[in-house]
Amino acid sequence: MIQNVNDPLTPIKIVRTLDNCYPGSRAVLDSITDTLNPRLSEKLRPTLYGNDTLRRVEINTAMSFYDDFHCKTNYIIADESLKLRYSDYYATLLTMYSEEVIDQEGLFLRPRYQIGPLSKRTGLIYATIVFEKSFSFMSQREQKRAMSEYFLTVIERIALRKKKLNYDFSLLISDFKTVLDWWVNS
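Residues numbered from 1 in each chain as written. Predicted model: local features only at pLDDT ≥ 70, side-chain atom pairs only at ≥ 80, totals over all residues. Heavy atoms only, no water.

## Remarks on the overall build of the protein
Put simply, the test is: Note on conventions: DSSP H or I runs of at least 4 residues are helices, E runs of at least 2 residues are strands, and numbering of each starts at the N terminus. The quantity called the radius of gyration is restricted to C-alpha atoms. Its globule counterpart is 2.2 Å times the number of residues to the power 0.38. Contacts between residues were defined by any pair of non-hydrogen atoms, one from each residue, lying within 4.5 Å. In short, Shrake-Rupley with a 1.4 Å probe defines the accessible areas, and a residue's cover is counted only from the protein chains shown. Positive charges are assigned to Lys and Arg, negative charges to Asp and Glu, while His and the chain termini are left out of the count. By convention, the point assigned to a charge is CZ for Arg, NZ for Lys, CD for Glu and CG for Asp.
Scanning the protein for helices and strands turns up six helices and seven strands. When the helices and strands of the protein are placed in sequence order, the string is β-α-α-β-β-β-α-α-β-β-β-α-α. Computed over the C-alpha atoms, the radius of gyration of the protein is 18 Å, within 12% of the 16 Å expected from 2.2 N^0.38 for a compact globule of 186 residues. Counting only C-alpha atoms, the protein reaches 55 × 35 × 30 Å along its principal axes. Taking as baseline every contact in the protein between residues at least 6 positions apart, the subset at least 24 positions apart corresponds to 73%. Element-wise, carbon and sulfur atoms account for 51% of the exposed surface of the protein, whose accessible area totals about 10,500 Å². Both charge centroids of the protein, one from 25 positive and one from 23 negative side chains, sit 7 Å from each other.

So, in structure tokens, the structure goes:
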């Protein structure tokens with residue numbers, strides 16, 4: 001079934017960028033798909049938030065992972081105050097680690113948050129949150145708590161950028177926090 005562009009979408013959806021992750025994060029990622037997203041669909045109220053200009057924020061999770069010797073991606077989170085361009089990431093990573101360590105460990109320097117523009121045609125904003133290797137070694141509850149903070153940060157940053165929209169970000173954020181609190185404690 002094709003969704004009509006005028007039909008209200010669940011305003012926030014969390015998506016796995018890739019299915020790969022360290023084993024310690026598998027259950028948390030599964031709970032996003034099986035528990036969090038259905039709850040967001042059920043509890044968020046798109047018709048109360050405002051106009052149809054913003055239909056959905058899709059938040060992608062980019063997890064560090066190590067599948068085998070040849071497939072390894074371990075993210076290092078860039079300091080936001082450096083305001084790096086994409087072309088600067090590798091050179092900056094070389095100031096932190098040797099080329100040999102970068103290759104052996106599969107290191108990639110990335111910003112924690114990447115938030116795209118609002119597509120006027122579709123009403124969608126795509127955002128990505130990058131997770132470092134150490135994240136997957138936290139307890140499931142700690143991972144959920146950290147993810148919840150990161151998810152909220154994305155929505156709060158979008159609210160600041162798009163404050164001129166006729167959109168009730170305060171109500172959306174309140175509803176989103178309620179669902180995230182439920183998810184962390186479930």
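Resuming the write-up.
## Focus: the sheet that holds strand β1 (residues 12–16)
So the rule is basically this: For two strands to count as paired, DSSP must find a minimum of two bridges between them. Fitting a line to C-alpha atoms yields each axis, with helices limited to the stretch in contact; the angle taken between N-to-C directions then spans 0 to 180 degrees.
With mixed pairing, four strands are arranged side by side in an open sheet as β1-β2-β7-β6. Every interior strand has two partners, whereas the edge strands, β1 and β6 (113–115), have only one. The sheet shows a mean angle of 20 degrees between the axes of neighbouring strands, taken without regard to direction. Examined bridge by bridge, β6 and strand β7 (residues 124–131) share three bridges and lie antiparallel to one another. Residue pairing in the sheet places Ile-115 in a bridge with Ala-127 of β7. Running at roughly 140 degrees to strand β2 (residues 56–63), helix α5 (residues 140–161) makes contact with β1, β2, β6 and β7 of the sheet.

## Observations regarding the environment of Ile-129
Within the secondary structure, Ile-129 sits in strand β7. Sequence separation between Ile-129 and Leu-9 is 120 residues; the distance between their C-alpha atoms is 21 Å. Beyond its immediate stretch of four places on either side in the chain, Ile-129 contacts Ile-59, Asn-60, Thr-61, Ala-62, Arg-112, Tyr-113, Tyr-150, Phe-151 and Val-154.

## A look at the packing of aromatic side chains
Applied cut-off: Any pair of Phe, Tyr and Trp rings, taking the six-membered ring for Trp, is counted once the centres come within 6.5 Å. Such a pair is stacked with planes under 30 degrees apart, edge-to-face with planes over 60 apart, and tilted for the rest. For every residue, the accessible area (1.4 Å probe, protein chains only) is compared with the maximum for its type, and the residue is labelled buried under 20%, exposed over 50%, or partly exposed between those bounds. We count a charge as sitting over a ring when the NZ of a lysine or the CZ of an arginine lies within 6 Å of the ring centre and within 35 degrees of the ring normal.
Counted under the stated rule, the structure contains eight aromatic pairs. For the ring pair Tyr-22 and Phe-137, a centre distance of 5.7 Å and an interplane angle of 50 degrees mean the geometry is tilted. One end of the pair, Tyr-22, is in the loop between β1 and α1 (23–43); the other, Phe-137, is in the loop between β7 and α5, and 115 residues separate them in sequence. Residues Tyr-49 and Tyr-167 carry aromatic rings whose centres are separated by 6.1 Å and whose planes lie at 45 degrees to one another, so their mutual orientation is tilted. With Tyr-49 in helix α2 (residues 46–49) and Tyr-167 in the loop between α5 and α6 (169–185), this residue pair connects regions lying 118 residues apart in the sequence. Judged by its relative accessible area of 1%, Tyr-49 falls in the buried class. Relative accessible area serves as the criterion here: at 11%, Tyr-167 is assigned to the buried category. Aromatic rings pair up to connect Tyr-113, Phe-131, Phe-135 and Tyr-150 into one cluster. Sitting over the ring of Trp-182, Arg-39 keeps its end group 4.0 Å from the ring centre.

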